[in-house]
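Report on the structure
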Amino acid sequence: MDAEVHVLVFPWPRQGHINPMLQFATALVDAGVQVTFLHTEHNLRRLAQASPPHLRLLSIPDGLPDDHPRGFLDFMEAMCTTGSTAYHALLLSLVSASDAPVTCVVADGTMPFAIEIPQELGIPALSFVTHSACSYLALLSMPKLVELGETPFTADDLVSSVPGMEGFLRRRDLPRGLYCTDQGDGDPLVLKFAEVIGRTSKACALIFNTAASMERPVLAHLASGTSDVFAVGPLHARSSSAASASLWREDDGCMAWLDGHEDRSVVYVSMGSLAVITHEQFTEFLSGLAATGYAFLWVLRPGMVQLASSALLREAVGAAEGGKGRVVEWAPQRDVLRHRAVGCFLTHAGWNSTLECAVEGMPMVCWPFFVDQQTNSRFVGAVWKTGLDMKDVCERGVVERTVREVMASDEIKAAAQAMAQQLKHDVAEAGSSSSELERLVRFIRELSI
Ligand code: UDX
């Protein structure tokens with residue numbers, strides 16, 4: 001273990017951020033770096049798995065009671081007040097510790113204070129971006145697009161002012177808030193995100209959980225800016241037992257259920273950790289899936305469908321005509337995507353899910369929910385061609401047609417498998433992502449002197 005270098009890794013306390021940053025922390029530990037990983041107290045109490053070896057876990061309060069729903073704005077407010085004060089105090093004690101003081105911070109690019117506080121204390125801080133590079137650049141460009149009048153964002157017109165994406169990125173593929181509206185003067189949630197990541201881009205480097213082979217032109221454009229850019233992903237592909245820290249209990253029973261199905265005969269359906277859908281959308285998905293005739297495994301987190309209990313949803317899936325559905329509240333997703341019985345993933349195109357599919361060569365049907373996912377799904381459908389993008393349409397006939405097409409398409413399967421092969425090279429020794437990781441560890445060591 002390198003005694004001089006001690007990195008504090010601090011994710012935005014949500015599942016889709018904790019997973020990749022925990023994998024990043026593990027990669028640093030494997031490279032001989034001492035790492036402390038920072039959770040909130042609330043999340044630390046919820047964690048189902050033990051922490052990976054050699055990783056010290058610490059926590060700070062987020063200021064909310066355990067039963068608070070932690071909606072985006074309330075949670076951001078709590079983290080920027082109680083969370084940031086506690087983080088400041090903890091960081092002061094960690095940097096002045098007589099034994100192995102913290103020498104560098106890698107914080108989530110979603111929290112400007114987590115980058116700015118160490119910088120004020122004279123500690124180098126790097127920003128870890130859990131989104132794709134393409135959605136990051138699209139988000140950064142949003143204020144300019146509003147200013148130039150490249151609106152409304154619901155239209156099919158091509159966008160001309162996001163570098164490297166001219167010719168295929170439509171306004172419909174730009175980051176979007178919770179509702180598909182005209183947004184002529186910009187969606188407040190998206191503009192808030194754009195402001196946040198604009199601030200964190202002032203960190204001394206940007207770390208992306210992506211591979212150059214997936215997003216080369218965009219990464220090149222970002223690298224031409226001021227900060228150093230490192231593309232070190234997909235981090236979970238570095239080992240078959242990549243670290244994870246589930247905030248929900250995984251229902252392993254679905255693996256035995258998958259064992260009982262033919263190869264590539266099941267559709268896996270999950271909308272990640274944040275999306276909340278209406279009952280009408282649930283019904284459109286259910287009817288479309290049932291009409292395909294394929295068996296399906298559907299992750300329905302408690303509270304994921306507005307105004308519907310888990311028991312009612314299970315009942316609806318069980319009763320669907322022609323339906324052969326199985327519902328779980330949380331799945332061991334990476335194992336599911338690796339299972340021979342799964343033929344495609346109907347997903348919200350969150351970046352972790354997209355990478356997990358890419359690594360397994362799994363074809364995708366995308367129904368992006370919000371923010372970064374609209375841009376990711378355009379890349380899946382139009383650039384990588386590893387799936388199809390339903391975009392903002394949630395209609396049973398479209399669900400049925402799209403799932404059938406993806407399940408049957410040899411072209412999509414071949415593109416997905418070619419991408420998986422490439423990514424295996426990227427993360428293997430001397431591959432582009434593992435070379436970037438080595439360069440990053442050297443960079444962190446130099447900053448820590
Ligand atoms: C959102 C953003 O869309 C994403 O791009 C960002 O980086 C994090 O926040 P989220 O809704 O959490 O993401 O989706 P996703 O990025 O796909 O992450 C979900 C994670 O939970 C994945 O690692 C997935 O494997 C895991 N998961 C999901 C499970 O382990 N089991 C499940 O049942 C569902």
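Just so it is clear, the structure is predicted and the values come from calculations on it, not from any experiment. (Residues numbered from 1 in each chain as written. Predicted model: local features only at pLDDT ≥ 70, side-chain atom pairs only at ≥ 80, totals over all residues.)

Overview of helix H6 (residues 188–200)
For H6, spanning 13 residues, the distance from its first C-alpha to its last is 19 Å, which sits close to the expected 18 Å at 1.5 Å a residue. Considered for burial, the residues of H6 that qualify are Val190, Phe193, Ala194, Ile197 and Thr200. Buried residues of H6, viewed axially, fall in a sector of 130°; they line one side. Residues of H6 that are buried make contact with helix H4 (112–120), strand E5 (125–129) and helix H5 (133–148). (Helix = DSSP H or I, 4+ residues; strand = E, 2+ residues; numbered from the N terminus. Expected span 1.5 Å × (residues − 1). Buried ≥ 20, exposed ≤ 12 C-beta atoms within 10 Å, placed from the backbone. Arc of directions from axis to C-beta. Contact = placed C-beta atoms within 7 Å.)

Concerning the site of the ligand
Not every one of the 24 residues close to the ligand is listed here, only the nearest: Gly16, Gly272, Gly350, Trp351 and Ser353. At the level of elements, helix H1 (15–30), helix H11 (333–338) and helix H12 (351–360) are the ones that each hand at least two residues to the shell around the ligand. Class assignment for the residues of the shell around the ligand results in 5 nonpolar, 15 polar and 4 charged. (Near = placed C-beta within 6 Å. Nonpolar A, V, L, I, M, F, W, Y, C, P; charged D, E, K, R; others polar.)

Some points on the packing of H5 against helix H13 (residues 373–384)
Running from amino to carboxyl end, H5 crosses H13 at an angle of 130°, the nearest separation of the two axes being 8 Å. In terms of axis orientation, H5 runs oblique to H13. H5 and H13 meet at a crossing whose hand is right-handed. On H13, the residues that touch Cys134, Ser135 and Ala138 of H5 are Thr375, Asn376 and Phe379. Among the residues making up the contact of H5 with H13, the classes are represented as 3 nonpolar, 3 polar and no charged. (Axes fitted to C-alpha atoms, helices over the stretch in contact; angles between N-to-C directions. Parallel < 35°, antiparallel > 145°, perpendicular 65-115°, else oblique. Left-handed = near helix turned anticlockwise from the far one by under 90°.)

Re the pairing of strand E2 (residues 33–40)
A regular strand places its side chains on the two faces of the sheet in alternate fashion. Counting buried positions along E2 yields 6 of 8 residues, so the element is predominantly enclosed. Sheet topology places E2 next to strand E3 (residues 55–60); 6 bridges connect them, and they run parallel. Looking at E3, one finds that His39 is bridged to Ser59. (Pairing = 2+ DSSP bridges.)

Focus: the confidence of the model for the chain
Residues at a pLDDT of 70 or more form 96% of the chain, whose mean pLDDT is 93. Scored as a complex, the prediction yields pTM 0.96 and ipTM 0.99. (pLDDT = per-residue confidence, 0-100.)

Some remarks on the nonpolar core
If you look at the biggest cluster of nonpolar residues, it comprises 136 residues, and the most contacted ones within it are Val7, Val9, Ile207, Val267, Leu297, Cys344 and Val403. Setting aside chain neighbours within four positions, we find Cys344 in contact with Val267, Met362, Pro363, Met364, Val365, Val403, Val406 and Met407. (Core = buried A, V, L, I, M, F, W, Y, C linked by C-beta atoms within 7 Å.)

What to know about the environment of Leu222
Here Leu222 shows up in helix H7 (residues 212–223). Here Leu222 falls in the buried class, since 23 other C-beta atoms lie within 10 Å of it. Linking Leu222 and Pro118, residues 104 residues apart in sequence, is a C-alpha distance of 23 Å. Discounting chain neighbours no more than four positions away, the residues touching Leu222 are Ala133, Leu137, Leu206 and Val229.

Considerations on the sheet that holds strand E11 (residues 342–347)
Strands sit in the order E10-E9-E8-E11-E12-E13 across an open sheet of 6 strands; the sheet is parallel. Of all the strands in the sheet, the pair left with one neighbour each is strand E10 (324–328) and strand E13 (387–389). Mean inter-strand twist for the sheet, computed between neighbouring axes without regard to direction, equals 15°. Both strand E8 (residues 266–270) and strand E9 (residues 295–299) contribute to a ladder of 4 bridges, which runs parallel. Opposite Val269, over in E9, you have Trp298 as the bridge partner.

A look at H1
The terminal C-alpha atoms of H1 lie 22 Å apart, and with 16 residues this matches the ideal 22 Å at 1.5 Å per residue to within 8%. Across the 16 residues of H1, 14 count as buried, placing the element largely inside the fold. The positive-phi residue at the C-terminal boundary of H1 is Gly32, with phi of around 90°.

A few points about the pairing of strand E4 (residues 104–108)
For E4, a buried count of 5 out of 5 residues is recorded, marking the element as mostly surrounded by other parts of the structure. Of the crossover connections in this fold, the one passing from E4 over H4 to the parallel E5 is right-handed. (Right-handed = clockwise from strand over helix to strand, strands pointing away.)

Quick word on the environment of Gly260
Summarising the element assignment, Gly260 is placed in the loop between helix H8 (253–259) and E8. Under the C-beta neighbour-count criterion, Gly260 is labelled exposed, with 9 such atoms within 10 Å. In sequence terms Gly260 and Ala341 are 81 residues apart; their C-alpha atoms lie 8.4 Å from each other.

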